[in-house]
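Structural description and commentary
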Amino acid sequence: MNICMVGAGYVGLVSAACFSEFGWTVTCVDKDPQRLAELNAGKSPIYEPGLDDLMQRNMQAGRLVFSDNIGAAAKDADVILLAVGTPMRRGDGYADLSYVYAAVDEIAPHLNGFTVIVTKSTVPVGTSREIESRLRSARPDAEFAICSNPEFLREGSAIGDFMHPDRVLVGTDDDRAEEIMARLYKPLALRSAPVVFVGRESAELAKYAANAFLALKISFINEVADLCEQVGANVQEVASAIGKDRRIGDKFLHPGPGYGGSCFPKDVSALIRTAREHKSPVSIIEQVQRVNDERKISMAHRIEAAAGGSVRGKTIAILGVTFKPNTDDMRDAPSLVIVPMLQERGATVRVVDPQGRKQADPLLPGVVWCDNALEAAVGADVLVTVTEWNEFRGLDLTAAKAKMRGDVLVDLRNVYSPELAHAAGLTYSGIGTTVSVPR
Ligand code: NAD
């Protein structure tokens, strides 16, 4: 099977590498010359564990090639997958489909023989139909079918998620396309991954519904955490107790500084827009969005309170700025709200992140970059964990305290136990527990 993957970002590149691992021949196309240069040198332009190895192996076997020539790749393809970005449109919060439609216009002249065109990008319900009519008018002679195949992988564990998915979801109303999509995913089906065929609208909407539901779980546990702090409960105990109920499940019940990343904020926003447009508002999700926006701001206030009511003239050490660990992705990271608020209020902010510096540097002007957590702690009045990278879990808090000017630890990810913090002489402020001081 010949595959053309359009877009070599977090989804396109991982999917292209994984499809080539199945034995398919994949041409992954991208427009960005710098990205292509890195790819052709066998180096992933994004940080994703295991990706360099997977890419290199399949490039050497001749199954994975990178190109800027979308026409040549589309002409030979049985399946063209669109994995370009669908960011939040500025001003109105809709999904910006300009990259998707630009890619569709670029492939149109080159379609050759029956081709399945697949949206892997997250696109609002109705987009497959819109792509179909656009292509029909550009190429009334061409034979093609449009499928929706939303991607559910998570950055940081993307290869594992792709290779062992909870389900592969394919929206199609064309028998020939269904057969080809079944063949494409057969290597996963053989390993018992459920490959589920549904209507195109259902597939498109399911992706948004899934992300909105996960965002809801996060906002829910964040509000429960706030309540825990007021009533003397411990959110980890509450989350563990409710998570054992299989109707609820124990995933996504970790309180923190609010969700961020390349998907939840924009997908929640786009779902709200679609629902309003169809006069069927998802009011519960509108509230999730409000709670999350306020959450990030309240985290800066929390740090301010922990610093004694003001951060003016104080030094704050921030551990982790990416939206979650094991990625370099900074899109909509909570740190992008928290750090500037602290700076505006007069704080000096020292920052460390194992992989995020390159992307974060232009987004966080004025911070002092450090190479490790202990260096970040130097002269700090408050130490704050914003992203729970594994290397911070092992931080020697006694050594960190010795470098600090102050003695406050604000743990926005509940990485450390209060006892450990107290043993190091630190006052501990976690999420969903009361602030506690060393005896
Ligand atoms: P990304 O921004 O990392 O990558 C998009 C890539 O497409 C870029 O490299 C860009 O240069 C390239 N591109 C844009 N237009 C092109 C064109 N016409 N021809 C060739 N290349 C082109 O985006 P991403 O994070 O991989 O997300 C892609 C889609 O997948 C989005 O719709 C997103 O919502 C969805 N998604 C993302 C994730 C995730 O974890 N990042 C998970 C599931 C779904």
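Residues numbered from 1 in each chain as written. Predicted model: local features only at pLDDT ≥ 70, side-chain atom pairs only at ≥ 80, totals over all residues. Heavy atoms only, no water.

1. Comments concerning the site of the ligand
Taken together, 26 residues lie around the ligand, and Val11, Asp30, Thr86, Glu155 and Lys266 are the ones closest in. Threonine 122 is positioned such that a nitrogen or oxygen atom in its backbone is 2.9 Å from an oxygen atom of the ligand. Here the ligand, which alone exposes 830 Å², has 90% of that area covered by the protein. Residue assignment for the shell around the ligand shows that the elements contributing at least two residues are α1 (10-21) and α5 (98-107). Its residues assigned to classes, the shell around the ligand comprises 10 nonpolar, seven polar and nine charged. (Near = heavy atom within 4 Å. Polar contact = N/O pair within 3.5 Å; in protein donor to acceptor, adjacent residues only side chain to side chain. Areas by Shrake-Rupley, 256 points an atom, 1.4 Å probe, with all protein chains shown as cover. Helix = DSSP H or I, 4+ residues; strand = E, 2+ residues; numbered from the N terminus. Nonpolar A, V, L, I, M, F, W, Y, C, P; charged D, E, K, R; others polar.)

2. Here we look at the sheet that holds strand β12 (residues 382-385)
Pairing within the open sheet is parallel, and its six strands lie in the order β11-β10-β9-β12-β13-β14. If you trace the sheet from one side to the other, it starts and ends with β11 (368-369) and β14 (427-430), each paired once. Pairing geometry for strand β9 (residues 315-319) and β12, over four bridges, is parallel. In the strand pairing of β12, leucine 319 is matched with threonine 385. (Pairing = 2+ DSSP bridges.)

3. Quick look at helix α12 (residues 264-277)
With 14 residues, α12 extends 20 Å from end C-alpha to end C-alpha; this agrees with the ideal 20 Å at 1.5 Å per step. Counting buried positions along α12 yields 11 of 14 residues, so the element is predominantly enclosed. Within α12 the residues assigned to the buried category are Phe264, Pro265, Lys266, Asp267, Val268, Ser269, Ala270, Leu271, Ile272, Thr274 and Ala275. Downstream of α12 by one or two residues, lysine 279 has phi in the positive range, about 55 degrees. (Expected span 1.5 Å × (residues − 1). Buried < 20%, exposed > 50% of the residue type's maximum accessible area, 1.4 Å probe, protein only.)

4. Brief notes about the side chain of glutamate 286
For glutamate 286, the location among the structural elements is in helix α13 (residues 283-306). Judged by relative accessible area, which is 14%, glutamate 286 ranks as buried. At 3.0 Å, the side chain of glutamate 286 and the side chain of arginine 276 are in polar contact. Apart from residues lying up to four places away in sequence, glutamate 286 is in contact with Ile272, Arg276 and Pro281. (Contact = heavy atoms within 4.5 Å.)

5. Focus on the packing of α13 against helix α14 (residues 335-344)
It is at 8 Å that the axes of α13 and α14 come closest, and there the two elements cross at 40 degrees. One finds that α13 runs oblique with respect to α14. Note on packing geometry: the crossing formed by α13 with α14 is right-handed. Only Val337, Ile338, Met341 and Leu342 of α14 make contact with α13, whose side of the interface consists of Lys296, Ile297, Met299, Ala300, His301 and Ile303. (Axes fitted to C-alpha atoms, helices over the stretch in contact; angles between N-to-C directions. Parallel < 35°, antiparallel > 145°, perpendicular 65-115°, else oblique. Left-handed = near helix turned anticlockwise from the far one by under 90°.)

6. What about a negative patch on the surface?
Residues Glu223, Asp293, Glu294 and Asp332 make up a contiguous surface patch of negative charge. In this structure, aspartate 293 sits in helix α13. We classify aspartate 293 as partly exposed; its relative accessible area is 44%. (Patch = residues over 30% accessible without salt bridge, like charges linked within 9 Å, V, L, I, M, F, W, Y side chains within 5 Å. Salt bridge = Lys/Arg side-chain N within 4 Å of Asp/Glu carboxyl O. Lys, Arg positive; Asp, Glu negative; His and termini not counted. Charge placed at Lys NZ, Arg CZ, Asp CG, Glu CD.)

7. A look at the nonpolar core
Within the largest apolar cluster, 45 residues are counted, with the highest numbers of intra-cluster contacts made by Phe19, Val116 and Leu184. Per element, the largest residue contribution to this core is seven residues, and it comes from α1. For leucine 184, the contacting residues outside a window of four places in its chain are Met1, Ile3, Phe19, Phe22, Trp24 and Val79. Of all hydrophobic cores here, the second largest spans 38 residues; its members include Val104, Leu111, Ala215 and Val288. (Core = buried A, V, L, I, M, F, W, Y, C linked by side-chain atoms within 4.5 Å.)

8. Focus on the environment of isoleucine 159
One can find isoleucine 159 in helix α7 (residues 158-163). Distance from isoleucine 159 to glycine 50, taken between C-alpha atoms, is 7.4 Å for residues 109 residues apart in sequence. Among all residues touching isoleucine 159, those that are not within four sequence positions of it are Val14, Cys18, Glu48, Pro49, Gly50, Leu51 and Leu54.

9. Focus: the pattern of salt bridges
Evaluated as defined, the whole model comprises 24 salt bridges. Here aspartate 381 ties to arginine 405 by a salt bridge, and the two come within 2.7 Å at their closest N and O atoms. Note that aspartate 381 is positioned in the loop between α16 (373-377) and β12 and arginine 405 in the loop between α18 (397-403) and β13 (408-411), a separation of 24 residues in sequence. According to the relative accessible area criterion, arginine 405 is exposed, its value standing at 55%. Sharing partners across several salt bridges, the network here consists of Asp226, Glu229, Arg295 and Arg302.

10. Regarding the packing of aromatic side chains
Pairs of aromatic rings are described using the distance from one ring centre to the other and the angle between the two planes. Enumeration according to the criterion identifies seven aromatic pairs in this entry. Ring geometry for tyrosine 47 against tryptophan 389: centres 6.4 Å apart, planes inclined by 45 degrees, an arrangement best described as tilted. You can see tyrosine 47 sitting in the loop between α2 (33-40) and α3 (51-60) and its partner tryptophan 389 sitting in the loop between β12 and α17 (390-393), a full 342 residues away along the chain. In this structure tyrosine 47 comes out as partly exposed when scored by relative accessible area, which is 27%. Directly above the aromatic system of phenylalanine 114 lies the positively charged group of arginine 176, at a separation of 3.9 Å from the ring centroid. (Phe/Tyr/Trp six-rings, centres within 6.5 Å; stacked < 30°, edge-to-face > 60°. Lys NZ or Arg CZ within 6 Å of the ring centre and 35° of its normal.)

11. A closer look at the side chain of serine 429
Assignment of secondary structure puts serine 429 in strand β14. With a relative accessible area of 7%, serine 429 lands in the buried category. Serine 429 has contacts with Arg302, Leu409, Val410, Asp411 and Val435, leaving out every residue within four places of it along the chain.

12. A short note on the domain arrangement of the protein chain
Here the protein chain is described as being made up of domain 1 (2-198) and domain 2 (199-439). The interface is formed by 37 residues belonging to domain 1 together with 30 residues belonging to domain 2. Here domain 1 and domain 2 share an interface that buries about 2,700 Å² over both sides, 53% of which is from carbon and sulfur atoms. Taken together, the links from domain 1 to domain 2 amount to four salt bridges. In this structure, arginine 331 and glutamate 155 form a salt bridge, with 3.8 Å as the shortest nitrogen-oxygen distance. Of all the elements in the fold, those that place two or more residues in the side of domain 1 that touches domain 2 are α6 (127-138), β6 (144-148) and β7 (168-171). If one sorts the elements of the side of domain 1 that touches domain 2 by residue count, α6 sits on top with four residues. Its residues placed into classes, the side of domain 1 that touches domain 2 shows 18 nonpolar, 10 polar and nine charged. (Domains from an automatic or database assignment. Buried area = accessible area lost by both parts, 1.4 Å probe.)

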